[in-house]
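Letter by letter, the chains look like this.
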Amino acid sequence: MHFTGVGFALLIGIVSAGFAGGVELKDVLSEVKEGDTVTGREIYVNTCIRCHGIDGKGAQGIKLVPPPADLSSPAVQGRLDGTLFKRIHEGKPNTAMGAWKHSLSDDEIWDVLAYVRTLGAGSDVQP
Ligand code: HEC
């Protein structure tokens, strides 16, 4: 699986960096929070696509004020994982972006966020 390969290579990198710094392997592994893009895609299709569209650029024919954020844009992709996690978790008051913490677990939010990362223009991950 392509995603897993990338994730694994990343993990090895982090783990070896951790060893260089004298950090225990178990400590490093407990810090790694990598969402699963396959589960994330399922969640995205079921819950986010109707506003954000299949490519993250916004669904066709939807008229919201303000409009859904373009999830593939550098503005969104440039944000830290923690920032995006919080936006999905808490939503944004006075917009159509609801707080997903009521219907998605933290793990599910990490998964859908991992999928949102694949929508970025600079991403080399194929859909
Ligand atoms: C009912 C429509 C709707 C649905 C469903 C929806 N969103 Fe949104 N989303 C919005 C709107 C509108 C905004 C823009 C809010 C603003 O103006 O900042 C937004 C903003 C966001 C942002 C913030 C982007 C930024 O500016 O940093 C993220 C991330 C996001 N949505 C992810 C998701 C994910 C993931 C899901 C599915 C779990 C989802 N959205 C479902 C309407 C929606």
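Residues numbered from 1 in each chain as written. Predicted model: local features only at pLDDT ≥ 70, side-chain atom pairs only at ≥ 80, totals over all residues. Heavy atoms only, no water.

### Re helix H3 (residues 37-52)
For H3, which comprises 16 residues, the first-to-last C-alpha distance of 17 Å sits more than 12% below the rise-based estimate of 22 Å (1.5 Å per residue). Along H3, the sharpest change in direction is near 50° and occurs at Asn46. By the burial criterion, the buried members of H3 are Thr37, Gly40, Ile43, Tyr44, Cys48, Cys51 and His52. Gly53 sits one or two residues past H3 and shows a positive phi near 80°. (Helix = DSSP H or I, 4+ residues; strand = E, 2+ residues; numbered from the N terminus. Expected span 1.5 Å × (residues − 1). Bend = angle between axes of the 7 residues up to and from the residue. Buried < 20%, exposed > 50% of the residue type's maximum accessible area, 1.4 Å probe, protein only.)

### Examining the site of the ligand
Among the 22 residues in the neighbourhood of the ligand, the closest are listed as Cys48, Cys51, His52, Arg79 and Met97. Contact distances for the ligand include 3.0 Å between an oxygen atom and a side-chain N or O atom of Arg87. Broken down by secondary-structure element, the contributors of at least two residues to the shell around the ligand are H3 and helix H5 (81-90). Ranked by residue count, the leading element in the shell around the ligand is H3, at five residues. (Near = heavy atom within 4 Å. Polar contact = N/O pair within 3.5 Å; in protein donor to acceptor, adjacent residues only side chain to side chain.)

### Comments concerning the confidence of the model for the protein
Of the residues in the protein, 69% have a pLDDT of 70 or more, and the chain-wide mean is 82. Within the protein, helix H2 (residues 25-31) has the poorest average pLDDT of any element, 49, and H3 the best, 97. Ignoring residues within four places in sequence, the model shows residues 28-32, a span with pLDDT below 50, making eight contacts including any to other chains. (pLDDT = per-residue confidence, 0-100. Contact = heavy atoms within 4.5 Å.)

### Considerations on the coordination of the iron atom of the ligand
Note on the iron atom of the ligand: its protein donors are His52 (NE2) and Met97 (SD). The metal-donor distances range over 2.0 to 2.2 Å. Every donor counted, the six donor atoms about the iron atom of the ligand form angles of 86 to 179° at the centre, which fits octahedral coordination. Of the two residues, His52 is situated in helix H3 and Met97 in the loop between H5 and helix H6 (106-118); the sequence distance between them amounts to 45 residues. With relative accessibility at 10%, the residue His52 sits in the buried group. Met97 sits in the partly exposed class, given a relative accessible area of 27%. (Donors = N, O, S within 2.8 Å, 3.2 Å for Na, K, Ca; no water. Tetrahedral: all angles 85-135°; square planar, octahedral: opposite > 155°, others 65-115°.)

### Observations concerning the pattern of salt bridges
Evaluated as defined, the whole model comprises two salt bridges. One salt bridge in this structure joins Asp81 and Arg117, with 2.8 Å as the shortest N-O distance. Pair noted here: Asp81 is in helix H5 and Arg117 is in helix H6, with a separation of 36 residues, a long-range link. For Asp81, a relative accessible area of 38% translates into the label partly exposed. Under the relative-accessibility criterion, Arg117 is labelled partly exposed at 22%. The residue Glu90 makes a salt bridge to Lys101 at a minimum N-O spacing of 3.1 Å. Taken together, the residues span a long stretch of sequence, with Glu90 in helix H5 and Lys101 in the loop between H5 and H6 at a distance of 11 residues. Classification of Lys101 as partly exposed rests on a relative accessible area of 35%. (Salt bridge = Lys/Arg side-chain N within 4 Å of Asp/Glu carboxyl O.)

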